[in-house]
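# Survey of secondary and tertiary structure
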Amino acid sequence: MKHLKYIYVLIALKLILSLIICLFYLLLDDKQLIINVPRYILILILAYTVIQYFSWQLYPKQSLIKYKRFYYIGLIGICLPIFLYTDKHAIYWVIIVKSFSWMLLISVLMEIRWIAKHN
């Protein structure tokens, strides 16, 4: 891979952003924050998504296809409660958000594992 320095920088940024996002949802104590996500977290999620897109452009085609599913599962787990939240099922949404947000971090860790294996 010819853009290895850029990939390392992007991975470091994604790792930091995913840790912040995961820790926010892990330490979440008010279930209303699931649907009223603070603006800075939304900005961090957007930055993570943009960085993820650009980092995928630097890899050979079809190389990380099986690891992308963790990213998409994490993103869906964070975004679905914003639209489908009900007070009746609030505890389930809290469990979903707290567990699926870790998929963003797993996605980055699997990417690091893939790079270590192929270099």
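Refer to the preceding data block for the structure.
Residues numbered from 1 in each chain as written. Predicted model: local features only at pLDDT ≥ 70, side-chain atom pairs only at ≥ 80, totals over all residues. Heavy atoms only, no water.

### Points about the environment of Phe 24
Mapped onto the secondary structure, Phe 24 falls in helix H1 (residues 4-26). Taking the C-alpha atoms as reference points, Phe 24 and Lys 98, 74 residues apart in sequence, are found 9.1 Å from one another. Those residues in contact with Phe 24 that sit more than four places away from it in its chain are Leu 33, Pro 38, Tyr 40 and Ile 41. (Helix = DSSP H or I, 4+ residues; strand = E, 2+ residues; numbered from the N terminus. Contact = heavy atoms within 4.5 Å.)

### Comments concerning the pattern of salt bridges
Side chains that differ in charge, positive against negative, can pair when their charged atoms come close. The tally for this structure, following the rule as stated, stands at one salt bridge. In this structure, Lys 14 engages Glu 111 in a salt bridge whose closest nitrogen and oxygen atoms are separated by 2.5 Å. Of the two residues, Lys 14 sits in helix H1 while Glu 111 sits in helix H5 (residues 102-118), which places them 97 residues apart along the sequence. Like Glu 111, Lys 14 is buried. (Salt bridge = Lys/Arg side-chain N within 4 Å of Asp/Glu carboxyl O. Buried < 20%, exposed > 50% of the residue type's maximum accessible area, 1.4 Å probe, protein only.)

### Regarding a nonpolar patch on the surface
Among the surface-exposed residues, Tyr 72, Ile 76, Leu 80, Phe 83 and Leu 84 lie close enough to one another that they form a single nonpolar patch of about 530 Å² accessible area. Among the secondary structure elements, Ile 76 is positioned in helix H3 (residues 68-84). (Patch = residues over 30% accessible without salt bridge, like charges linked within 9 Å, V, L, I, M, F, W, Y side chains within 5 Å. Areas by Shrake-Rupley, 256 points an atom, 1.4 Å probe, with all protein chains shown as cover.)

### Some words on H5
Working note: α-helix, 3.6 residues per turn, so residues spaced by three or four point in the same direction. For H5, built from 17 residues, the straight-helix expectation of 24 Å at 1.5 Å per residue is met to within 8% by its first-to-last C-alpha distance of 25 Å. Those residues of H5 lying buried are Met 103, Leu 104, Leu 105, Ser 107, Val 108, Glu 111, Trp 114 and Ile 115. Residues of H5 that are buried make contact with H1, helix H2 (39-58), H3 and helix H4 (90-100). (Expected span 1.5 Å × (residues − 1).)

### Section: H3
Its 17 residues give H3 an end-to-end C-alpha distance of 24 Å, which sits within 8% of 24 Å, the value for a rise of 1.5 Å per residue. Along H3, the residues classified as buried are Tyr 71, Gly 74, Leu 75, Gly 77, Ile 78 and Pro 81. Each element contacted by the buried residues of H3 is listed here: H1, H2, H4 and H5.

### Considering the environment of Ile 34
Mapped onto the elements of the fold, Ile 34 is located in the loop between H1 and H2. Distance in space between the C-alpha atoms of Ile 34 and Leu 15 is 22 Å, their sequence separation being 19 residues. Excluding anything up to four places from it in sequence, Ile 34 contacts Leu 28, Pro 81, Ile 82, Trp 93, Val 94 and Val 97.

### With respect to the nonpolar core
With 27 residues, the main nonpolar core has Ile 21, Tyr 25, Ile 41, Ile 45, Tyr 48 and Tyr 59 as its most contacted residues. Mapped by element, the contributors of at least two residues to this core are H1, H2, H3, H4 and H5. By residue number, the principal contributor to this core is H1, which donates seven residues. Apart from residues no more than four positions distant in its own chain, Tyr 48 is found in contact with Lys 14, Leu 17, Ser 18, Ile 21, Tyr 71, Leu 104, Ser 107 and Val 108. (Core = buried A, V, L, I, M, F, W, Y, C linked by side-chain atoms within 4.5 Å.)

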